[in-house]
Amino acid sequence: QWRRWIRYHHAYHRALQEAFALAMAFDARRVRIAMLRWWSWTVAWDVANCEASSRLVVESRQAREREQALRRREQGFEAEELLLLDFVLSAWLAYNMDRLHLIRKSCRQNAQHCHTLLLICLDHWGETVLPPHRADNLRRRRHVRFALQSPRGRNSS
């Protein structure tokens, strides 16, 4: 009888432990599902809130820009806007003039480089084809003529 009671008691404890383990597993699953639902709802609410805020900001900016465009069409630019437009236009003109100056300078340097290469080629051709005194005479005449036609020579005369 004593042994039967001990077996019954151990069986009862095992059954309770298994039942509690099953209940704990079920409860953990239920908590995970509840947390997942809560997290999903929270994320959806945050996303909707962010989208609504973003839409509100964009719509308010567009409305403000439409009002300003309508006011400009009806009344023209304000003094502050005119100053800003003047500043932007003058900055653009300065940039464009600097760019044109740089392009012209680059073109002049490229032309000077090409002339220098042409002189070197002609000097080499003259030295290989002509007699030495004739090649030297042509080289001096060419160098004098190209030196007079340089931009510095034109500005000084």
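This text follows the structure it describes.
Given the structure is predicted, the values throughout are model-derived calculations rather than measurements.

Student: Which parts of the structure should I look at to understand the overall build of the chain?
Tutor: Each helix and strand in the chain was counted, giving four helices and zero strands. Secondary structure elements of the chain, listed N to C terminal, follow the sequence α-α-α-α. Its C-alpha atoms give the chain a radius of gyration of 46 Å, more than 25% over the compact-globule value 15 Å for 157 residues. Taking the principal axes of the C-alpha coordinates as reference, the chain spans close to 140 × 65 × 20 Å. Taking all 157 residues of the chain together, 6% fall into the buried category. Charge separation in the chain, taken as the distance between the mean sites of 27 positive and 16 negative side-chain charges, equals 12 Å.

Student: Looking at this structure, how should I read the pattern of salt bridges?
Tutor: Two side chains bearing opposite charge may form a pair once their charged atoms approach each other closely. Scanning the model with the defined rule gives three salt bridges in all. The residue Glu81 makes a salt bridge to Arg71 at a minimum N-O spacing of 3.3 Å. Here Arg71 lies in helix H1 (residues 2-75) and Glu81 lies in helix H2 (residues 79-129), a separation of ten residues in the sequence. Here the two residues Glu81 and Arg71 agree in accessibility, since each one is buried.

Procedures and definitions
- Residues numbered from 1 in each chain as written.
- Predicted model: local features only at pLDDT ≥ 70, side-chain atom pairs only at ≥ 80, totals over all residues.
- Heavy atoms only, no water.
- Helix = DSSP H or I, 4+ residues; strand = E, 2+ residues; numbered from the N terminus.
- Rg over C-alpha atoms; globule rule 2.2 N^0.38 Å.
- Buried < 20%, exposed > 50% of the residue type's maximum accessible area, 1.4 Å probe, protein only.
- Lys, Arg positive; Asp, Glu negative; His and termini not counted.
- Charge placed at Lys NZ, Arg CZ, Asp CG, Glu CD.
- Salt bridge = Lys/Arg side-chain N within 4 Å of Asp/Glu carboxyl O.

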